[in-house]
Amino acid sequence: MQKMKNFRTVEHYLVPFGLALLNICVVHLIWIGSARGLSDLKTVSAVSLALLLLSSGIIFKRKFLLLLSCLFYLAALLISLIRH
Amino acid sequence: MAKNQRVLWRIHHWAGLYTGILIGVLSLTGALAVFIPEIDLLIQKHYYAASSTPASGLHFRESLQQIREEYPGCYALYINLPDGPEEALGVNFLVNNPETGDRERYYYFIDAGRDRILGGREHESSLANYLRQMHVRLYERTWGRQLVGIGGLALLTVAVTGLLIYGKFMKRQAYPVLRKGRGLRILLADWHKILGISALVFNLVIAVTGAWLGLQPRIMQWLDMQAPNTFQPPRIIPSETDKQMEIDWDRALQVTAWEFPDLRPRVLRPSEDGSGTISIYGNVKGGIYERYINQVVLSKKDLKLLYKYDVRGKPFGHQLYFVQEALHFGDFGGLALKALYGVLGLTSGFLSISGFVVFLYRTDKRKERKSRPLKIIFIYSAGIVLLLAVIALISLLAGYAPATRIMGWIINGGLVCLVVFAIVNGIRKKLKQRQQTKMVNVKC
């Protein structure tokens, strides 16, 4: 029962949420690369790390990795929006 | 299935079934439309052999004068500055055809190094215009744009309902596992779910921006909204005097660089209405806004700054208005982003096809079909691609007007036939049901 609940949480909620953020993250990274290149190394690094974490979370289906990567990218996105 | 889930599934099913073809066409044309500037540049370079000789500065005064002499009635003229060092400069203008009275738009290529006209074309018959108009209005002049907007709403509906029923349909299936060896219907159903959820946010952005861009004129009309940045300088001299005024373009660009350093000028528009101004439109690097929305207006007489529009400093409403087109066409992150948009843009087309295949297989036993599902899909897909190719050829060879007329007959005629068919089918089903009820009552 617990296993099924965990499966549903990861597969039906966290993975779709992670994929949604991955969509945004990829576009974000390409945009920064084209708009600012390596001049904004901090943002490029943060978004690249978020991309790596999100991809890993989706591939390995680890609940806490997925949660962490989603929160990390949301924070990076918010900071990026505030700064610019 | 719970009642809510059943309702959501029905909405997803019916919206997808009835607008699948529209979504499929917009998906294919959209994936191509993303690359319109690049495609047009290739055509300019290789078909028209239009390029600029390397030189310091841009030279086009004599070529502009030649064009004005050849087309004395030309109006709405603007100059497209080249993006790269060897690209040709473009001069775009309208003329009224003396025989038909129709408005025609011409685009001339100028060698900006040697100030020489290299050639020209009628803009509406160009491939670039075909790709844009096919996607933006399905080449239907009356209400094609609104139809495309409805397609955006349909995509939004299927995307949202698809997300809400995703869990129920995945059940114990993990992402992105495909169930193999269980037939084409199951395989395509799995691909449908996996691609749908993988590209969900992208498709939502395309749907929302597409719906807005399609329905924008009507929505703005109904809500009495004004577009941002509608600066109109006052008229101070006669129109003919305005058109004849000499302009020091080099100095104008220098003043622009001083007044708006971040602006990369792309379009120059000398006034013809008597305001005696030059409007310079361009882009700011890193902005996610539609092209040429930033603006500087200078006086023709003394090149004094009259108006400046930098969207970065404008209210949120302005920024939201101008972000739609760039977000929709991926025109803010270079070629890499366009490539991503091109690939992801095809997912909605695949989803409409895979959804239709699943529907056909599911209803295969119930309905007596003459052809197998894959054959039906092939006929539909090939037919649509053929239609798009034929309309393209007509537009390029015979002109924009005949192509739009034909497309208008096909779309409006097709919709009328669909409605009539649905009504007749519905009546036939009702009559059949009544007959069956009568027979059951008689037996009893």
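The structure under discussion appears in the preceding block.
All figures in this text were calculated on a predicted structure; none of them were measured in a lab.

## Brief notes about the overall build of chain A
Okay, step 1: When helices and strands are tallied, chain A shows three helices and zero strands.
Okay, step 2: Going from N to C terminus, chain A has its helices and strands arranged as α-α-α.
Okay, step 3: When the backbone C-alpha atoms are referred to their principal axes, chain A occupies close to 50 × 20 × 15 Å.
Okay, step 4: The buried share among the 84 residues of chain A stands at 38%.

## Some points on the pattern of salt bridges
All names here are of chain B.
Okay, step 1: The final tally for this structure, using the stated rule, is 17 salt bridges over all chains.
Okay, step 2: As a salt-bridge pair, K338 and E38 come within 3.1 Å of each other at their nearest N and O atoms. Linking K338 in helix α11 (residues 334-362) with E38 in helix α2 (residues 36-46), this pair joins segments that are 300 residues apart in sequence.
Okay, step 3: For K193, the salt bridge identified is with D190, shortest N-O distance 3.4 Å. With K193 and D190 both in helix α6 (residues 184-198), this residue pair falls three residues apart, about one helical turn. The burial state of K193 is the same as that of D190; both residues are buried.
Okay, step 4: Where salt bridges share partners, they join E38, R291, D331 and K338 into one cluster.

## A look at unusual backbone geometry
All names here are of chain B.
Okay, step 1: Here the residue pair Y175 and P176 is connected by a cis peptide bond, since its omega of -5° sits within 30 degrees of zero.
Okay, step 2: Locating P176 in the fold gives a position in the loop between α5 (144-170) and α6.
Okay, step 3: In this model, L138 sits at a positive phi of 55°, which is unusual for a non-glycine residue.
Okay, step 4: Inspection of the secondary structure puts L138 in the loop between α4 (127-137) and α5.
Okay, step 5: Although it is not a glycine, N229 adopts a positive phi angle of roughly 55°.
Okay, step 6: With respect to the element layout, N229 can be found in the loop between α7 (200-222) and α8 (239-244).

## Side note on the side chain of B:N229
Residue and element names in this part refer to chain B.
Okay, step 1: Residue classification places N229 among the buried positions, given a relative accessible area of 18%.
Okay, step 2: Side-chain polar atoms of N229 contact the side chain of Q295, separated by 3.1 Å.
Okay, step 3: Side chain to side chain, N229 and Y307 meet in a polar contact 2.7 Å long.
Okay, step 4: In this structure N229 touches I293, Q295, Y307, Y309, H318 and F322, once residues within four positions along its chain are discounted.

## Observations regarding the pairing of strand β4 (residues 116-122) of chain B
All names here are of chain B.
Okay, step 1: Pairing geometry for strand β3 (residues 103-111) and β4, over six bridges, is antiparallel. Of the residues in β4, the one forming a bridge with Y107 is R121.
Okay, step 2: With antiparallel pairing between neighbouring strands as the criterion, β3 and β4 make up a hairpin whose turn holds four residues, including D115 at a positive phi of roughly 55°.

## A word on the nonpolar core
Okay, step 1: In this structure, A:L19, A:L54, A:Y73, B:Y175, B:F332 and B:Y341 are the most contacted members of the largest nonpolar core, which totals 39 residues.
Okay, step 2: Those elements that provide at least two residues to this core are α1 (2-35), α2 (41-60) and α3 (63-83) of chain A together with α1 (3-33), α5, α6, α7 and α11 of chain B.
Okay, step 3: In terms of residue count, α1(A) provides more of this core than any other element does, 11 residues in total.
Okay, step 4: Among all residues touching A:L54, those that are not within four sequence positions of it are A:G18, A:L21, A:L22, A:C25, A:S69, A:C70 and A:Y73.
Okay, step 5: Core analysis: the next-biggest nonpolar cluster, separate from the first, contains 30 residues, B:I79, B:Y108, B:L253 and B:L303 among them.

## Some words on the sheet that holds strand β7 (residues 294-299) of chain B
Residue and element names in this part refer to chain B.
Okay, step 1: The strand order across the open sheet built from eight strands is β4-β3-β2-β1-β5-β6-β7-β8, with neighbouring strands paired in antiparallel fashion. This sheet does not close on itself; its edge strands, each paired only once, are β4 and β8 (305-309). The sheet shows a mean angle of 20° between the axes of neighbouring strands, direction not considered.

## Things to note about a positive patch on the surface
Okay, step 1: Together, A:K5, A:R8, B:K168 and B:K171 give the surface a local cluster of positive charge.
Okay, step 2: Tracing the sequence through the fold places A:K5 in helix α1.
Okay, step 3: Taking relative accessible area as the criterion, A:K5 reaches 53% and is therefore assigned exposed.

## A short note on the packing of α1(A) against α3(A)
Residues and elements named next belong to chain A.
Okay, step 1: In the contact formed by α1 and α3, the axes pass within 10 Å of each other and the chain directions differ by 30°. Relative to α3, the element α1 lies roughly parallel. Note that α1 runs across α3; the crossing there is left-handed. The residues of α3 that touch α1, namely those facing N6, T9, V10, L14, V15, F17, G18, L21, I24, C25 and H28, are K63, L66, L67, C70, Y73, L74, L77 and S80.

Reading the values: the criteria
Residues numbered from 1 in each chain as written. Chains lettered and ligands numbered in written order. Predicted model: local features only at pLDDT ≥ 70, side-chain atom pairs only at ≥ 80, totals over all residues. Heavy atoms only, no water. Helix = DSSP H or I, 4+ residues; strand = E, 2+ residues; numbered from the N terminus. Buried < 20%, exposed > 50% of the residue type's maximum accessible area, 1.4 Å probe, protein only. Salt bridge = Lys/Arg side-chain N within 4 Å of Asp/Glu carboxyl O. Polar contact = N/O pair within 3.5 Å; in protein donor to acceptor, adjacent residues only side chain to side chain. Contact = heavy atoms within 4.5 Å. Pairing = 2+ DSSP bridges. Core = buried A, V, L, I, M, F, W, Y, C linked by side-chain atoms within 4.5 Å. Axes fitted to C-alpha atoms, helices over the stretch in contact; angles between N-to-C directions. Patch = residues over 30% accessible without salt bridge, like charges linked within 9 Å, V, L, I, M, F, W, Y side chains within 5 Å. Areas by Shrake-Rupley, 256 points an atom, 1.4 Å probe, with all protein chains shown as cover. Lys, Arg positive; Asp, Glu negative; His and termini not counted. Charge placed at Lys NZ, Arg CZ, Asp CG, Glu CD. Parallel < 35°, antiparallel > 145°, perpendicular 65-115°, else oblique. Left-handed = near helix turned anticlockwise from the far one by under 90°.

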